Each structure stands twice: as structure tokens, then as C-alpha cells.
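Here is what each chain is made of, one letter per residue.
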Amino acid sequence: MFCKETSKSIKKSKRRKMYEGFYACNTPPYGYKKSEDEHGKLIIDENSAKVVKKIFELKIKHMTSKQIAEQLNKEKIPTPAQYLKVKGLPQNSVKIWTRTSVSRILGNPVYTGDCIRGKTQNISYKSKKKISVRKKDYIVTKNTHEAIISKDVFEKIHNDTLYGSTKQDVNRINTKFADLMYCAYCHKKMTKRIQKGGINLHCASNRESNELCSFKENYFYEQIEPIIIEEIQKTFESYFKDKTLKKSILKRQNTLKIKELERLLNGQDIALKRISFKISQLYNDRLSGKISEEEYKNNYAVLIEERNIANENKEKLELDLEKFQNIKLETSSEKDIINNLIKKIKRDKFSLEDMNKIISKIEIGKGIIIIHFAFSDIADKKISTL
Ligand SMILES: [Zn+2]
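Residues numbered from 1 in each chain as written. Predicted model: local features only at pLDDT ≥ 70, side-chain atom pairs only at ≥ 80, totals over all residues. Heavy atoms only, no water.

1. Comments concerning helix α1 (residues 46-60)
(1) Moving on: Given a rise of 1.5 Å per residue, 15 residues ought to cover 21 Å, and the 21 Å separating the end C-alpha atoms of α1 matches this to within 8%.
(2) Moving on: Where α1 terminates, the next one or two residues include His62, which has phi positive at roughly 70°. (Helix = DSSP H or I, 4+ residues; strand = E, 2+ residues; numbered from the N terminus. Expected span 1.5 Å × (residues − 1).)

Following this line, the structure appears as C-alpha cells:
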């Protein structure tokens, strides 16, 4: 959806036919089409530009992206994917407008007449794999084509918190259960957002569009957590009080975990080998003059960053693996580990890692929470929240 760069200087107009000196787009962004007279030039596509204008107008009236999507669906306006298919261009299978498809349009500066390049970057010039580039590092060329939206309107939407454009990512917040929560109807994960000082949970599908899942309700994580903890305490205590501890329970958990860790470690090893190979390839290409010093430096920096991340991941995984392998050796400590978990639960001091040993997932529905335990011999627990 963005312009692909082919230019060093717009002034070299005589060389246009040689794919230099202008901005070519593989697929013109929704709202535009390719000029038939001037190769690579974007011109306004009246039908879809009308929709783009409408989206920005609704946003200015403080509608949320999701509300705008609902409105467009109600009016049966074809989605960009559908519309572009009509024009014989590549399309995906999206048949309805969603919060994301609207947000993507609202966030694309191409509609103000600027060309944005370098949203992604190949990890090496030979690789097809791309990584995202930080927004501040985008390459912007001003006024390369006719605007559909004024820069004022665009900036107003993006700088004004009233329009809800400030994103708060809570994925890194360490919450015990939030990562284990799923919608009971569409089975997609619940999204987490900070709202009114708490963590708000909402079905990921419904967040996109009511047509994907009709479960509209929002829950505050802080209100659900104590209910779940209480239920786990009760269930666990009665389970281990009545039964003699089966040695197999923990062993089974451990074996699964060890297998998973070994698989992940293997993945990191493959990644590291791949990166080393690319670094040597890059070095050879620099030596033989196939790439410039600048290209070399940029690609090298990206690869080193990747290598550092892979090494860090590998170290963490190795530590985890060691831990789990040791547990396996000391069979006598199994009971202690379970008892320890029970104690932790009682004191409300357990981590997300502990949770993963106990719970496989938690489903949230209308007035109901369903806990699925990781122990196959503990039945799912349904709790009414009404
Ligand atoms: Zn749902």
C-alpha cells in the first residue's frame, strides 16, 4: 500500500523511462490509480477517493475506527480488497471493513500527497524477509501526487488525543491471566488495553467488527482476577487433598515443556546459522564491490542486531531447559513442587509461568468464566459472574 522507491532525483525527468526520477507504486494505494500518461505517477481514483474522504470526515466527527467500519459495512461499500479486485489487482480475502482496515487508511500519509518509502526493509539485500522500520526512519518525499486529504486534517487526527490515536500497548504488562484469556464465542484471544487506569479486556474479533464476533462486552482484568484465583485455590486444594499425588502429573507436564524448549532452541540455532551465513555473504559482496559501503553498513547493523536477539533468546531457553531437566531428575521433589504451587496460589504470589503449569486457557463469555485446567483429570470450571 505504499510507494516503492525508484528515485534519486525528481529532476532527472528525461530518464523517467529508465525507472528513475519518479515514484512508482506496485499497487497504488486505495484511493489512487496509476496514471496512464505519466509512468509511475499516482492520480486520484474518484470512486475510492470518495470513500477515503468519507473515512476522514467521520473520524473528524470523533467516530472510532470500528464505528466507521460498521458504517461502511452498513452502506455495503466494497472493501479496498474487493474494490481492487474489481480493477484486476492483487487482493486478499477480506470481505468486510474492520477497525484495522479503517485505521490503516487513517494512518497513511499518502493521502496528503506525500510518498512514504522504507516502511519495511529487507534484512539483507538478498533476502526477501522484511522487518518493520520505525516511523521516524521512514523516507518521506513531500507532494509527489495530488492530495485527497489536507495535511491539516491528517495532522489534527494524528496529534489530537481526542481522536484516540495514542496507542497504548499493554502486551508487555505482566498480568497473571490476561495472556490466557479467550473469547468463549469466537475463541480469539482477548485484547488488552489500558483504560481508566485498569486493563480492559475485549474480544479481538469484536474489536475489529461486530460482524466477526458479536461479543461486545468489556471486562476489567482487575475485577476478574480475584474470581479466578479463588476458583483455582478451591479446585486445587480439593484435588490434592482427596487424591494421592500422582507422580505422573508433573512428569507429564515436564516432558511437554522440555520438548517445547528443545524445539525452540533448535529454531534459534537455525536462525543463528542463517545470520552467520548472511554476514559472510554480505562481507564477500562488499569486497567484490557488488554493494556500496553504506548498504553494507546498514545491512550489517541489522544482522548484528538480529544475532544479538537470537543469542539472548538462546541463553534464556538454555537456562529454562536446564531447570526443567533438573526437576525431572529429582522425582522425590515432585510433591514439593505441587505443594509449593498451592502455597503460592494461597499467597497470591504466583507468576505467569506458574499459571501456564496450572491453566491451559480461560474463556470469557456473557456472565460466565470458564477455566480450562492444564491437568487433564481436572474438569473445566464454569463460574457465573452475573
Ligand atoms: Zn469473540
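2. Focus on the pattern of salt bridges
(1) Moving on: For the structure on display, the rule yields 13 salt bridges.
(2) Moving on: The partner of Arg263 in a salt bridge is Glu260, with the nearest N and O atoms 3.3 Å apart. On the criterion of helical spacing, the pair formed by Arg263 and Glu260 is a turn pair, its members being three residues apart in helix α8 (residues 247-287).
(3) Moving on: Its salt-bridge partner being Arg286, residue Glu293 comes within 2.8 Å of it at the nearest N-O pair.
(4) Moving on: Three or more residues joined by partner-sharing salt bridges are found here, namely Asp114, Lys142 and Lys151. (Salt bridge = Lys/Arg side-chain N within 4 Å of Asp/Glu carboxyl O.)

3. A closer look at the sheet that holds strand β9 (residues 198-203)
(1) Moving on: The three strands are arranged β8-β9-β10 in an open sheet whose pairing can be described as antiparallel. At either margin of the open sheet sits one strand with a lone partner, and together these are β8 (190-195) and β10 (219-220).
(2) Moving on: Sheet analysis places β9 next to β10, joined by two bridges and oriented antiparallel. Paired with Asn200 across the two strands is Phe220, which belongs to β10. (Pairing = 2+ DSSP bridges.)

4. Some remarks on the coordination of the zinc ion
(1) Moving on: Protein-derived coordination of the zinc ion comes from Cys183 (SG), Cys186 (SG), Cys203 (SG) and Cys213 (SG), at a distance range of 2.3 to 2.4 Å.
(2) Moving on: Taken together, the four donor atoms surrounding the zinc ion define angles of 95 to 116° at the centre, an arrangement classified as tetrahedral.
(3) Moving on: In terms of primary sequence, the donors binding the zinc ion are separated according to C-x2-C-x16-C-x9-C. Of the two residues, Cys186 is situated in the loop between β7 (181-183) and β8 and Cys203 in strand β9; the sequence distance between them amounts to 17 residues.
(4) Moving on: For Cys186, a relative accessible area of 23% translates into the label partly exposed. (Donors = N, O, S within 2.8 Å, 3.2 Å for Na, K, Ca; no water. Tetrahedral: all angles 85-135°; square planar, octahedral: opposite > 155°, others 65-115°. Buried < 20%, exposed > 50% of the residue type's maximum accessible area, 1.4 Å probe, protein only.)

5. Here's the deal with the environment of Lys349
(1) Moving on: The topology assignment puts Lys349 in the loop between α10 (334-347) and α11 (352-358).
(2) Moving on: With 173 residues separating them along the chain, Lys349 and Lys176 place their C-alpha atoms 9.8 Å apart.

6. A few points about the nonpolar core
(1) Moving on: Residues Phe177, Met181 and Ile232 are the most contacted members of the largest nonpolar core, which totals 34 residues.
(2) Moving on: Of all the elements in the fold, those that place two or more residues in this core are β7, β9, α7 (221-242), α10, α11, β11 (359-365) and β12 (368-373).
(3) Moving on: No other element matches the seven residues that α7 contributes to this core.
(4) Moving on: Contact partners of Met181, with chain neighbours within four places excluded, come to Lys189, Met190, Leu201, Tyr221, Ile224, Ile228, Ile362 and Ile364.
(5) Moving on: Core analysis: the next-biggest nonpolar cluster, separate from the first, contains 27 residues, Ile44, Ala49, Ile68 and Ile77 among them. (Core = buried A, V, L, I, M, F, W, Y, C linked by side-chain atoms within 4.5 Å. Contact = heavy atoms within 4.5 Å.)

7. Description of the packing of α1 against helix α4 (residues 99-106)
(1) Moving on: Contact geometry of α1 with α4 gives a least axis separation of 10 Å together with a crossing angle of 95°. Judged by the inter-axis angle, α1 sits roughly perpendicular to α4. Facing Val52, Ile55, Phe56 and Lys59 of α1, the residues of α4 in contact are Val102, Ile105 and Leu106.
(2) Moving on: Classifying every residue of the contact of α1 with α4 by side-chain character gives six nonpolar, no polar and one charged. (Axes fitted to C-alpha atoms, helices over the stretch in contact; angles between N-to-C directions. Parallel < 35°, antiparallel > 145°, perpendicular 65-115°, else oblique. Nonpolar A, V, L, I, M, F, W, Y, C, P; charged D, E, K, R; others polar.)

8. Structural notes on the sheet that holds β11
(1) Moving on: The strand order β7-β11-β12-β13 describes an open sheet built from four strands, whose pairing is mixed. A strand with exactly one partner marks an edge of an open sheet, and here the two such strands are β7 and β13 (381-384). Between one strand and the next, the sheet's axes are offset by a mean angle of 25°, whatever the strand orientation.

9. Structural notes on the confidence of the model for the chain
(1) Moving on: Residues with a pLDDT of 70 or more make up 74% of the chain, whose mean pLDDT is 78.
(2) Moving on: α1 holds the highest mean pLDDT among the elements of the chain, 95, whereas strand β4 (residues 120-122) holds the lowest, 61.
(3) Moving on: In this model, residues 89-93 is a region of pLDDT below 50 whose contacts with residues beyond four sequence positions or in other chains number eight contacts.
(4) Moving on: Low confidence marks residues 328-332, where pLDDT is under 50. Its contacts with residues over four positions away, or in another chain, come to three contacts. (pLDDT = per-residue confidence, 0-100.)

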